[in-house]
Amino acid sequence: LLIAPVFAVFTPHTGDHFSYNEATNLGNGKGDYAGYTEQATYNGQETITGVNPDGTVAAHYSYSYTWSNSSGSKESGSPSGDFTFSPSTFLYVNGTDDQTGYVNPTVWFCMDPSTPVGGTFSILNTQMTVISKNYSYYLPTEGKNVQVIYGQGNSGYDRNDIYGQFSA
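Calculation criteria
Residues numbered from 1 in each chain as written. Predicted model: local features only at pLDDT ≥ 70, side-chain atom pairs only at ≥ 80, totals over all residues. Heavy atoms only, no water. Core = buried A, V, L, I, M, F, W, Y, C linked by side-chain atoms within 4.5 Å. Buried < 20%, exposed > 50% of the residue type's maximum accessible area, 1.4 Å probe, protein only. Helix = DSSP H or I, 4+ residues; strand = E, 2+ residues; numbered from the N terminus. Contact = heavy atoms within 4.5 Å. Pairing = 2+ DSSP bridges. Axes fitted to C-alpha atoms, helices over the stretch in contact; angles between N-to-C directions. Phe/Tyr/Trp six-rings, centres within 6.5 Å; stacked < 30°, edge-to-face > 60°.

### A few points about the nonpolar core
Nonpolar side chains tend to gather and get buried jointly when the protein is soluble and globular.
Moving on, step 1. Counting 13 residues, the largest nonpolar core has Ile48, Ala59, Phe83, Phe85, Tyr92, Val107 and Cys110 as the members making the most contacts within it.
Moving on, step 2. Breaking this core down by element, the ones donating at least two residues are β3 (57–69) and β5 (80–85).
Moving on, step 3. When residues of this core are assigned to their parent elements, the largest contribution, five residues, is made by β3.
Moving on, step 4. What Phe83 contacts, discounting residues up to four positions off in sequence, is Glu46, Val57, Ala58, Ala59, His60, Tyr61, Tyr92, Asn94, Gly95, Thr96, Asp97 and Phe109.

### Details of the sheet that holds strand β7 (residues 120–123)
Moving on, step 1. Overall, antiparallel pairing links the three strands, which are arranged β7-β8-β9 in an open sheet. Strands at the two margins of the open sheet, each flanked by one partner only, are β7 and β9 (144–153). Between one strand axis and the next, the sheet turns by 50° as a mean value, whatever way the strands run.
Moving on, step 2. By the bridge criterion, four bridges tie β7 to strand β8 (residues 126–139) in an arrangement that is antiparallel. Within β8, the residue paired with Phe121 across the bridge is Met128.

### Some remarks on the packing of aromatic side chains
Both the distance between ring centres and the angle between the ring planes are used here to describe each pair of aromatic rings.
Moving on, step 1. As enumerated under the stated definition, the model contains 15 aromatic pairs in all.
Moving on, step 2. Their ring planes at 85° and their centres at 5.3 Å tell us that Tyr20 and Trp108 sit as a pair that is edge-to-face. Here the residue Tyr20 occupies a position in strand β1 (residues 17–26), and Trp108 occupies one in the loop between β6 (92–94) and β7, the gap between them amounting to 88 residues.
Moving on, step 3. Looking at Trp108, the relative accessible area reads 26%, which means it is partly exposed.
Moving on, step 4. An aromatic cluster is present here, built from Phe18, Tyr20, Tyr42, Tyr61, Tyr63, Tyr65, Phe83, Phe85, Tyr92, Trp108 and Phe109 joined pairwise through their rings.

Here you go:
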C-alpha cells in the first residue's frame, strides 16, 4: 500500500495581507558615470480582497516611494490598484501590482509550499531554487523569528535611460 504525502496548499482568504519595505542603492558608476548614485525606498502593502467564482484571487496593492540621484533629481509617488492572480499557477491574470517589463510573470509574494528542497519555482521571470523549507527569519514587524521557505535565484536586466546604460 502506497500512501501519498499530504502537503499544505496555498489557500488565499479575504483580508490576508502583508506589508513590505525595500531600499535600493545604485553606486560605483564607471567612466562618464563615475561618482553617480541613486537611492530609492518603497513601503507598501498587498491585500487579498476576495476569491472570484472562477478561482482567481482578487488583490489590491498600494505603496509609496521616494527616489533621488546625485544629479539632484527627485521623485516620489503613491501608486495603488487592483489585480488578480491564479492561486494554482501563481501567474498574474488581470493586471499586476505595478510590475513592469516582465513577460507572463508569476507573482513575487507567494509560491507552492509543496515544492521540495532542491525544487524550482518562479518569481516574476526569475527561476528560484528552494534552499530550505524551515529557514528561520527575523521579522521586525512581529518582533520574532518566523519559519519561512528560503528560495534563491539570479537574474539581471539592462537599463538605458537619460542617466546612461547600465547592466544589473
